[in-house]
Amino acid sequence: MTDHSRNTFAAQPGAASAGSRAAAWGVLMRRIPKVELHVHVVGSLRASTLAAFAAEAGLALPRPAHALYQYRGFYDFIEIFRLAARSMCRAAHFERAVHEYVQDAQRAGALAHVEFFFNPSYLYAQGVPYRTQLEGLLAGARAAERDFGVTVLLIPSIDREFGDDVAQRVVDEVLADRRDEVVGLGLDGPEDRGPPERFTELFQRAGAAGLRRTAHVCEDYAPTPAANYLACHDLLGCERFDHGYRLLTDPTVVARARADGAFFTCCPKPSTRERDALRLGAIAAMCTAGLGVTLATDDPAMFATDLGEAYERALPEPDLDALERLCLAGVDACWLDAGRRDALRLRVAAALTQARAEWGAAAPASAGGEARGRNPSWKP
Ligand SMILES: [Zn+2]
């Protein structure tokens, strides 16, 4: 992986060729401190690390490590994802996964803060306790902050694929073992396995216990209704939403989400190439509609992407205003305590101001507090 953090804005836009101008824009975006709010621990595993974990767990790989993440289709990807989930059976695996992801994301995209999804239920069948997973993740978070200055929060997540008894066990265990770093509850897995209402009671319990809430909703691989957003917001109490592209099928739901001040963690690199253009078009349209959009990577190692590339894909043309809205939306949507969030906002705003000066733009970046990542003038 290229160490972009060492690059400088060598190319001046006025005198540069189109190619070097594009390269300079990419370098500039990668250097801005960023927040990542939608990444799954399992999907962030380096292939070589997955191979090592699988060998330790006695699990056979379907192909050599260097080709593990070259999928033959969506279901092949799912098979690799499940294999990775089963291979993480010791606390040290979770610690290493977090540490390596933060190292990679900081090099590639100047990661400053990350909130990790993890699914305790993936290891229930193998008898790996929630606490074991949690202790490993917390050790990784502490090491990442020590070594890279990156803050890490955790979001245990319910996978819809599993039964109601498993979902209840996840919430029971999370609420019985509270840690400051575990700030919220998530919902992921196949969205067509029943409506969000199925999880109302569990999410209400989590909210009453002080957990923030988010849900994967209106992703683009299944024809789920835009109204699922309303259920997640009104019944489950979600304030953040992962993906959200299919909201665009219903303008009344888009208007509600805008009025709600909802944030969407959108991922410019989907699992399959066929959805590439659709995904990028949807993210641009969500921004144009004035929704609060932040950029994320979902399963970065498994999708062969990184946080820097997420911005390059979403903003191929230089647009400092759009970059500012996306970066600050990530800060505003994060679940750090107010003091650390405000400090991070100042740091990101200062970096954006410096970037504007270096790029040669006339207007300085605003460090004010009114922006919520809205992008009414977005031009994809
Ligand atoms: Zn996801």
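Bear in mind the structure is a predicted one, so any value in this text is a computation, not a measurement.

## Quick word on the overall build of the protein
Next, step 1: Broken down by element type, the protein carries 13 helices and 8 strands.
Next, step 2: For 380 residues, the compact-globule formula gives about 21 Å, and the C-alpha radius of gyration of the protein, at 20 Å, lands near that figure.
Next, step 3: For the C-alpha atoms alone, the extent of the protein along its principal axes is close to 60 × 45 × 40 Å.
Next, step 4: Here the protein holds 380 residues, and the buried ones make up 48% of them.
Next, step 5: Taking contacts inside the protein between residues at least 6 apart in sequence as the whole, the part at least 24 apart equals 77%.

## Structural notes on the packing of helix α12 (residues 320–333) against helix α13 (residues 338–359)
Next, step 1: Here α12 crosses α13 at 165°, and the two axes come no closer than 10 Å. Classified by the angle between their axes, α12 and α13 sit roughly antiparallel to one another. Seen along the crossing, α12 lies across α13 with a hand that is right-handed. Listed contacts from α13 to Leu320, Glu324, Cys327, Leu328 and Val331 of α12 are Arg341, Leu344, Arg345, Val348, Ala349, Leu352, Ala355, Arg356 and Trp359.
Next, step 2: A breakdown of the residues in the contact of α12 with α13 according to their chemical character gives 10 nonpolar, no polar and 4 charged.

## Comments concerning unusual backbone geometry
Next, step 1: The residue Ala110 is not glycine, and still its phi comes out positive at about 55°.
Next, step 2: As for its placement among the helices and strands, Ala110 is situated in the loop between α4 (91–109) and β2 (111–118).

## Focus on helix α3 (residues 74–87)
Next, step 1: With 14 residues, α3 should reach 20 Å at 1.5 Å per residue; the first-to-last C-alpha distance of 20 Å fits that figure.
Next, step 2: The set of residues buried in α3 consists of Ile80, Ala84, Ala85 and Ser87. Angularly, the buried residues of α3 cover 165° about the axis, an arc narrow enough to put them on a single face.
Next, step 3: If you follow the buried residues of α3, they end up packed against α2 (47–57).

## Some remarks on the confidence of the model for the protein
Next, step 1: Per-residue confidence for the protein gives a mean pLDDT of 90; residues scoring 70 or more make up 91%.
Next, step 2: Per-residue pLDDT stays below 50 along residues 1–15; that stretch engages in 27 contacts with residues further than four places along the chain or on separate chains.
Next, step 3: Below pLDDT 50 for its whole length, residues 362–380 participates in 37 contacts with residues either more than four positions away or in separate chains.

## Some details on the pairing of strand β7 (residues 263–266)
Next, step 1: Here β7 shows a buried face lined by Phe263 and Thr265 and a second buried face lined by Phe264 and Cys266.
Next, step 2: Pairing between strand β6 (residues 240–243) and β7: 3 bridges, direction parallel. For Asp242, the partnering residue across the bridge sits in β7 and is Thr265.
Next, step 3: Taken together, β6, helix α9 (residues 251–260) and β7 constitute a β-α-β crossover, and its handedness is right-handed.
Next, step 4: Two elements, β7 and strand β8 (residues 292–295), share 4 bridges in a ladder whose sense is parallel. Counted as the bridge partner of Phe263 is Gly292 from β8.
Next, step 5: Regarding topology, helix α10 (residues 276–288) serves as the crossover connection from β7 to the parallel β8, and that connection is right-handed.

## Re the sheet that holds strand β4 (residues 184–188)
Next, step 1: The 8 strands lie next to each other as β1-β2-β3-β4-β5-β6-β7-β8, forming an open sheet whose pairing is parallel. Looking at strand neighbours, the two that pair on one side only are β1 (34–40) and β8, the edges of this open sheet. Neighbouring strand axes in the sheet, compared pairwise and without regard to direction, differ in orientation by 25° on average.
Next, step 2: Note: β1 against β2, 5 bridges, orientation parallel. Bridge pairing in β2 links Lys34 to Leu111.
Next, step 3: Against the sheet, α4 touches β1, β2 and β3 (151–159), its axis set at about 140° to β2.
Next, step 4: Relative to β3, helix α6 (residues 164–176) is tilted by about 150°, and along the sheet it contacts β3 and β4.

Definitions and limits used
Residues numbered from 1 in each chain as written. Predicted model: local features only at pLDDT ≥ 70, side-chain atom pairs only at ≥ 80, totals over all residues. Helix = DSSP H or I, 4+ residues; strand = E, 2+ residues; numbered from the N terminus. Rg over C-alpha atoms; globule rule 2.2 N^0.38 Å. Buried ≥ 20, exposed ≤ 12 C-beta atoms within 10 Å, placed from the backbone. Contact = placed C-beta atoms within 7 Å. Axes fitted to C-alpha atoms, helices over the stretch in contact; angles between N-to-C directions. Parallel < 35°, antiparallel > 145°, perpendicular 65-115°, else oblique. Left-handed = near helix turned anticlockwise from the far one by under 90°. Nonpolar A, V, L, I, M, F, W, Y, C, P; charged D, E, K, R; others polar. Expected span 1.5 Å × (residues − 1). Arc of directions from axis to C-beta. pLDDT = per-residue confidence, 0-100. Pairing = 2+ DSSP bridges. Right-handed = clockwise from strand over helix to strand, strands pointing away.

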